[in-house]
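Structure at a glance
So you can see what is in the structure, the chains are spelled out below.
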Amino acid sequence: MKFYYSPGACSLGSHFLIEEIGVEYEGIPIHIKNGDQLKDAYVKVNPKSKVPAILRPDGSLLTEFGVIAHWLSQTYAKDRFAPDSFEQELRIMETLDYIVATMHMQGFSRILRPQKFTPNEADLEWVQNNGKDIVTKATGFLSTQLGDNPFIMGDRLTIADAALFYTMFWGVARLKLDLPENLIAYFDRMSSRPAAQRAMRLEELI
Ligand SMILES: N[C@@H](CCC(=O)N[C@@H](CS)C(=O)NCC(=O)O)C(=O)O
């Protein structure tokens, strides 16, 4: 299995999950800061020009964070990640999708890449503030959901934690946003897990 990632990008959440599950893989860095995702060599692999992507043992490519996480967990660690019920499965997907589609794509993207949302230099700060508002609302909601639990879905690790881990890597470690205390403590706990330490070390983030 080949795993395509960019150091510190959302693929960090997939990297964490792969390490947590303990499956064998070859990690291939695609440096977004150098535009590697747009170069022919990678476009041939993934025409979407995005990370994460996984070239599976059968030679087929899988993309999209949530789909990759679902495939990894159900293929390599089914017992550990099996939801207790259909309702719980829905809630895990609901949380993961909110983190990726709203908090990451709508919120953090505006903070980290404001130039993608406006051609006007004068609007960049407005776009970033708009992104901060989206992240503030999302983290407020997720902080309430987390409460005093160790993980976002309660007392066990799920694929939604892989999504919350990479977004909190941005919010806590990289941007040092003013976030709810339980989410900061959550990031500290998650990032000290051996799998997170391995993933961050391989991406040269620590
Ligand atoms: N919907 C995709 C989004 C992936 C995505 O936006 N990845 C970013 C890195 S965090 C990327 O590859 N950006 C490169 C670019 O936009 O040129 C997913 O869920 O995997």
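Residues numbered from 1 in each chain as written. Predicted model: local features only at pLDDT ≥ 70, side-chain atom pairs only at ≥ 80, totals over all residues. Heavy atoms only, no water.

**Notes on the domain arrangement of the protein**
Interfaces are often sized by the amount of accessible area the parts lose when they come together. What the domain assignment reports for the protein is domain 1 (2-80 + 198-202) and domain 2 (83-193). Between domain 1 and domain 2, the C-alpha centre-to-centre distance is 19 Å. Taken together, the contact pairs 18 residues of domain 1 with 19 residues of domain 2. Carbon and sulfur atoms supply 71% of the area that domain 1 and domain 2 bury against each other, a total of about 1,500 Å² over both sides. In terms of surface lost to domain 2, no three residues of domain 1 exceed Phe 16, Phe 65 and Met 200, which account for 33% of the buried area on that side. (Domains from an automatic or database assignment. Contact = heavy atoms within 4.5 Å. Buried area = accessible area lost by both parts, 1.4 Å probe.)

**Comments concerning a nonpolar patch on the surface**
On the surface, a nonpolar cluster with roughly 330 Å² of combined accessible area is contributed by Phe 86, Leu 90 and Met 93. Take Leu 90: it is sitting in helix H5 (residues 86-112). (Patch = residues over 30% accessible without salt bridge, like charges linked within 9 Å, V, L, I, M, F, W, Y side chains within 5 Å. Areas by Shrake-Rupley, 256 points an atom, 1.4 Å probe, with all protein chains shown as cover. Salt bridge = Lys/Arg side-chain N within 4 Å of Asp/Glu carboxyl O. Helix = DSSP H or I, 4+ residues; strand = E, 2+ residues; numbered from the N terminus.)

**Some points on the sheet that holds strand E1 (residues 2-5)**
The strand order across the open sheet built from four strands is E2-E1-E3-E4, with neighbouring strands paired in mixed fashion. On the outer flanks of this sheet lie strand E2 (26-29) and strand E4 (61-63), each paired with one strand and no other. The mean inter-strand angle of the sheet, taken between neighbouring strand axes irrespective of direction, is 20°. As paired elements, E1 and strand E3 (residues 53-55) share three bridges and run antiparallel to each other. Looking across to E3, one finds that Phe 3 is bridged to Ile 54. Where helix H1 (residues 11-21) meets the sheet, it contacts E1 and E3, and its direction lies at approximately 145° from that of E1. Strands in contact with helix H3 (residues 65-76) are E3 and E4; relative to E4, the strand with the most contacts, it is inclined by about 120°. (Pairing = 2+ DSSP bridges. Axes fitted to C-alpha atoms, helices over the stretch in contact; angles between N-to-C directions.)

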